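Structural characterization, general
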Amino acid sequence: MDMFEKATKAVKEVGENVIDSAKNLGTSIYSTSKEQSELAGMKVQKSVIEKRLQESYAEIGKRYVDYMKAADASNAFDVSDILEAMQPDLDKLAEIGVTLEEKELLAKKEEEERRQKKAQDDFDREKAKLDKALSMDIISQEEYDEKLAVVQKKLDNYEQLRKIDMQLQMGIISKEEHSDKISKILG
């Protein structure tokens, strides 16, 4: 295989990788948007129910104040009718709370899986580049092994590296501290 055929093959493989990545990204964005939309809808439902319950709580408070003003022992403080009317909303609120919690946990788990898949995909891409460079005699076996070890460390320490990146994004550590921590892990 001459150099032109190798270059053509390499360009074709890169193009296929770009297409696959775009498809995966599109599916991921749709899935994430759908989940976020469902969560937002449930949060709106929860808010509406909580507002209705606030009105009932206010009525209970008003009745209690009226009861205390009258301070008539023969007239008992009774809010059972309000509590009975509130019960469906309280039940629905509890149901929404459980469902919301489950969906948020599921969304968090799926996001973590997407991040791990991305880390694995990044590793696979880097390894493919290194494999190609080795097969084309662009790098030696020793260079290949060294560079592959660094890429493997990134994958193996993915979670620690992600947390360090988050610390930098949140302003908890400086860029220098970030670089130092990354170097310690990968070094």
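Up top is the structure.
In what follows, the accompanying structure is described. (Residues numbered from 1 in each chain as written. Predicted model: local features only at pLDDT ≥ 70, side-chain atom pairs only at ≥ 80, totals over all residues. Heavy atoms only, no water.)

1. A closer look at the pattern of salt bridges
What the rule picks out here adds up to 17 salt bridges. Of the charged contacts in the structure, one is a salt bridge between Glu95 and Lys92, with a shortest N-O distance of 3.7 Å. Of the two residues, Glu95 and Lys92 are both situated in helix H2 (residues 80-135); the distance of three residues between them amounts to about one turn of the helix. Residue Glu95 is classed as partly exposed on the basis of its relative accessible area, which comes to 46%. A salt bridge links Lys117 to Asp121; the nearest nitrogen and oxygen atoms lie 3.0 Å apart. One end of the pair is Lys117 and the other is Asp121, both in helix H2 and four residues apart, which spans about a single turn. (Salt bridge = Lys/Arg side-chain N within 4 Å of Asp/Glu carboxyl O. Helix = DSSP H or I, 4+ residues; strand = E, 2+ residues; numbered from the N terminus. Buried < 20%, exposed > 50% of the residue type's maximum accessible area, 1.4 Å probe, protein only.)

2. Let's talk about helix H3 (residues 141-156)
Its 16 residues give H3 an end-to-end C-alpha distance of 22 Å, which sits within 8% of 22 Å, the value for a rise of 1.5 Å per residue. Residues Tyr144, Leu148, Val151 and Leu155 constitute the buried set of H3. Taken around the axis of H3, the buried residues stretch over an arc of 65°, which confines them to a single face. Opposite the buried face of H3, by more than 90 degrees, sit the exposed residues Glu142 and Asp156. Buried residues belonging to H3 abut H2 and helix H4 (158-169). (Expected span 1.5 Å × (residues − 1). Arc of directions from axis to C-beta. Contact = heavy atoms within 4.5 Å.)

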